[in-house]
Amino acid sequence: QVQLVESGGGLVQAGGSLRLSCAASGSIFSINVMGWYRQAPGNQRDLVAIIDGGGRTNYADSVKGRFIISRDNAKNTVYLQMNSLKPEDTAVYYCYAVITRTRDFPRDYWGQGRQVTVSS
């Protein structure tokens, strides 16, 4: 079984910064893509940022220029640096990965979620 273990997030005032980490573990053959989604109460779960194995990135328009996604392939870990945070960034952030296990095919995996709260 593949697991995504998240850390970071928390509470911060508007304009501040927070960082999220997500490490994948298990019988991993390759990681096709990793990224972050977020969901506020009563809202849909929306894509925040993704990064592929070649380091190519894509961001939601709402976070472009403020958030930075990066990865450490040796540690199977993805990071999300969140700067200039706004109250509307408040949500549960979920790590997402498309991972191929040994002798298997690509599947979707989700972390448990980390709370990010930005006060005004």
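Residues numbered from 1 in each chain as written. Predicted model: local features only at pLDDT ≥ 70, side-chain atom pairs only at ≥ 80, totals over all residues. Heavy atoms only, no water.

Engineer: Would you explain the environment of arginine 38 in this entry?
Structural biologist: Here arginine 38 shows up in strand 4 (residues 28-39). Apart from residues no more than four positions distant in its own chain, arginine 38 is found in contact with Gln44, Arg45, Asp46, Val48, Ser62, Val63, Phe67, Glu88, Asp89, Ala91, Val92 and Tyr93. Of note is the side chain of arginine 38, whose polar atom sits 2.9 Å from the side chain of aspartate 89. (Helix = DSSP H or I, 4+ residues; strand = E, 2+ residues; numbered from the N terminus. Contact = heavy atoms within 4.5 Å. Polar contact = N/O pair within 3.5 Å; in protein donor to acceptor, adjacent residues only side chain to side chain.)

Engineer: Can you help me understand the state of the cysteines in this one?
Structural biologist: By definition, a disulfide links two cysteine residues through a covalent bond between their sulfur atoms. According to the stated counting rule, one finds one disulfide in the structure shown. Covalently, cysteine 22 is tied to cysteine 95 through a disulfide, its sulfur atoms 2.0 Å apart. Taking the torsion about the S-S bond as the criterion, the cysteine 22 to cysteine 95 disulfide, at about -85°, is left-handed. Of the two residues, cysteine 22 sits in strand 3 (residues 18-25) while cysteine 95 sits in strand 9 (residues 91-101), which places them 73 residues apart along the sequence. The two residues cysteine 22 and cysteine 95 agree in class, both being buried. (Disulfide = S-S within 2.5 Å. Buried < 20%, exposed > 50% of the residue type's maximum accessible area, 1.4 Å probe, protein only.)

Engineer: Is there a simple way to explain the side chain of aspartate 89 in this structure?
Structural biologist: Within the secondary structure layout, aspartate 89 lies in the loop between strand 8 (77-82) and strand 9. Given a relative accessible area of 1%, aspartate 89 falls into the buried group. Each residue touching aspartate 89, except ones within four places of it in the same chain, is listed here: Arg38, Arg66, Phe67, Val116 and Val118.

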